[in-house]
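What follows is each chain in one-letter form.
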Amino acid sequence: MKTTPFTEKHISLGAKMHEFAGYNMPIEYSGIIDEHLTVCREVGVFDVSHMGEFWVKGPHALEFLQKVTSNNVAALTPGKVQYSCFPNEKGGIVDDFLVYHYEPEKYLLVVNASNIEKDWNWCVSHNTEGAELENASDRMAQLAVQGPKAILALQKLTSINLSELPYYTFAHGDFTGQKDVIISNTGYTGAGGFELYFYPDVAMKIWDAVFEAGAEFGIKPIGLGARDTLRLEMGFCLYGNDLDDTTSPIEAGLGWITKFVDGKNFINRPMLEKQKAEGIVRKLVGFEMLDRGIPRHGCELFSADGTAIGVVTSGTMSPMRKIGIGMGYVKPEYAKADTEIYIDVRGRKLKAQVVKPPFRK
């Protein structure tokens, strides 16, 4: 398995380790519920160095990105971040990712760890514009410092005024005495906080500084288990569960990152425009359990009269709400809020109702 600059630290702290996307990653430390609540109420640190990073540079960078991404990259100014996806030629999604407008004619794509090779090959094979592409995944490390007290801890370590960084913007500069650290007001927890990008050779210096600065705020290391429950409570999609090569952004409720603006002839635009105009045969919805039970990925969904209407893509017991929550694709006629549905959990059909995420307000 691959390692990150923090792998030995995770092991020394007693983390439960497991393979994820080819990396030896921490799944939990003190327990998923405790870690989840720490991020919601205080501050927690995730090692997300396994994520992929691609630089897209040069005079043809924007032209290339406008073709391969669903969102309107032309709307980005330097210092801003955008959520987007790569549509494929069949109406599905190659991956979802972030686009950073680093400086004029220079962009950074941050892609899912499990899709690095697939995404890189996709970009290279579709680069007929001649953009300069660089796979920097092995030369960048990343920590996500998340929670309402993250800003208090991190502000001690930089001269950049973090309170002046709005959501989905970033700055790069000095952090703990290290140069060229990217500090981004982003994250996939819904609890607020920042993501830090830096060179692997300064990783442990940054780790130690962050934990020292956050000690008074109850900072803890957090594993991937709580990362999953946190994103699900917010209704954020996870590639491989809620998104894949067969799910379209329109079906997944990502029409807001699919921009049909003039001059943006992105891959498979006509099919997605048709879906938006004529409707879809399934739709991703959120639901809350009314009966006691925990929905899991793959559980079948049924209507009140017993008709099969879809499948659960993500599910868990909400640490904040103490009820089962989940997402899944259903026929459009069952997607309205408050619709009663049933989830087959180990042979028992348990009652639930459709709700609009987030589950955690």
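Residues numbered from 1 in each chain as written. Predicted model: local features only at pLDDT ≥ 70, side-chain atom pairs only at ≥ 80, totals over all residues. Heavy atoms only, no water.

As annotated in an unreviewed UniProt entry, the protein chain carries the name Aminomethyltransferase and comes from Bacteroides zoogleoformans. The record held by UniProt for the protein chain lists under Subunit (unreviewed entry) the comment "The glycine cleavage system is composed of four proteins: P, T, L and H." (UniProt positions renumbered as here; feature names shortened; annotations may be inferred.)

A few words on the overall build of the protein chain. Each helix and strand in the protein chain was counted, giving 8 helices and 19 strands. For the protein chain, the C-alpha radius of gyration of 21 Å lies close to 21 Å, the compact-globule estimate for 361 residues. Dimensions of the protein chain, computed from the C-alpha atoms along their principal axes, are close to 65 × 50 × 40 Å. Taken across its 361 residues, the protein chain has 57% of its residues classed as buried. Long-range contacts, defined here as pairs at least 24 residues apart, represent 65% of the contacts in the protein chain between residues at least 6 apart. Of the roughly 15400 Å² that the protein chain leaves accessible, carbon and sulfur atoms contribute 52%. Counting 38 positive and 45 negative side-chain charges, the protein chain places the centres of these two groups 6 Å from one another. (Helix = DSSP H or I, 4+ residues; strand = E, 2+ residues; numbered from the N terminus. Rg over C-alpha atoms; globule rule 2.2 N^0.38 Å. Buried < 20%, exposed > 50% of the residue type's maximum accessible area, 1.4 Å probe, protein only. Contact = heavy atoms within 4.5 Å. Areas by Shrake-Rupley, 256 points an atom, 1.4 Å probe, with all protein chains shown as cover. Lys, Arg positive; Asp, Glu negative; His and termini not counted. Charge placed at Lys NZ, Arg CZ, Asp CG, Glu CD.)

What the 6 strands build is an open sheet, ordered E10-E11-E12-E9-E3-E13; its pairing is mixed. The open sheet has two free edges, formed respectively by strand E10 (170–175) and strand E13 (220–222), since each of these has just one partner strand. Within this sheet the neighbouring strands show an average axis-to-axis angle of 30°, counted without direction. Across 5 bridges, the pairing between E10 and strand E11 (residues 178–184) is antiparallel. The partner of alanine 171 across the bridge, within E11, is isoleucine 183. Packed on one face of the sheet, helix H6 (residues 203–214) meets strand E3 (44–47), strand E9 (141–146), E10, E11, strand E12 (193–198) and E13 and runs near 155° to E12. (Pairing = 2+ DSSP bridges. Axes fitted to C-alpha atoms, helices over the stretch in contact; angles between N-to-C directions.)

Right, let's talk about the sheet that holds strand E14 (residues 283–289) for a bit. Here we have 6 strands rolled up into a closed barrel, ordered E14-E17-E16-E15-E18-E19, and antiparallel in their pairing. Ignoring which end each strand starts from, the neighbouring axes of this sheet average 45° apart. Pairing analysis gives 3 bridges linking strand E15 (residues 300–302) to strand E16 (residues 308–317), with the strands arranged antiparallel. Note that in E16 the partner of phenylalanine 302 across the bridge is alanine 308. Packing of helix H7 (residues 224–233) onto the sheet brings it into contact with E16 and strand E17 (324–330), and relative to E16 it is tilted by some 125°.

Applying the stated criterion to the full structure yields 13 aromatic pairs. Both rings, one in tryptophan 55 and one in tyrosine 102, keep their centres 5.0 Å apart while their planes meet at 80°; by these two values the pair is edge-to-face. Taken together, the positions of tryptophan 55 in strand E4 (residues 52–57) and tyrosine 102 in strand E6 (residues 93–103) put the pair 47 residues apart, joining distant regions of the chain. Across the pair, tyrosine 102 and tryptophan 55 agree in class, each one buried. Within the aromatic cluster, the residues linked to one another by ring pairs are Trp55, Tyr100, Tyr102, Phe170 and Tyr197. Over the face of the ring belonging to tryptophan 55 we find lysine 106, whose NZ or CZ atom lies 4.6 Å from the ring centre. (Phe/Tyr/Trp six-rings, centres within 6.5 Å; stacked < 30°, edge-to-face > 60°. Lys NZ or Arg CZ within 6 Å of the ring centre and 35° of its normal.)

Attention now moves to the UniProt feature "domain: GCVT N-terminal" (unreviewed entry) in the protein chain. Within this numbering scheme, the UniProt entry marks residues 7–260 as carrying the feature "domain: GCVT N-terminal" (unreviewed entry). The span residues 7–260 is 24% helical and 30% strand by assignment, and the distance between its end C-alpha atoms comes to 43 Å.

Attention now goes to the UniProt feature "domain: Aminomethyltransferase C-terminal" (unreviewed entry) in the protein chain. Mapped onto this numbering, the UniProt entry annotates "domain: Aminomethyltransferase C-terminal" (unreviewed entry) at residues 282–359. The distance from the first to the last C-alpha atom of residues 282–359 is 21 Å, and the span holds 0% helix and 53% strand.

Relative to each other, helix H2 (residues 32–41) and H7 sit at 55°, their axes nearing to 8 Å. The pairing of H2 with H7 is recorded here as oblique in orientation. Seen from above, H2 lies across H7 with right-handed handedness. Contact residues: H2 offers Ile32, Glu35, His36, Val39 and Cys40, while H7 offers Gly225, Ala226, Thr229, Leu230 and Glu233. Across the contact of H2 with H7, the residue classes break down as 5 nonpolar, 3 polar and 2 charged. (Parallel < 35°, antiparallel > 145°, perpendicular 65-115°, else oblique. Left-handed = near helix turned anticlockwise from the far one by under 90°. Nonpolar A, V, L, I, M, F, W, Y, C, P; charged D, E, K, R; others polar.)

Here glutamine 146 is to be found in strand E9. Exposure remark for glutamine 146: the relative accessible area of 2% places this residue in the buried category. Here the side chain of glutamine 146 touches threonine 186 through a polar contact of 3.2 Å, landing on its backbone oxygen. (Polar contact = N/O pair within 3.5 Å; in protein donor to acceptor, adjacent residues only side chain to side chain.)

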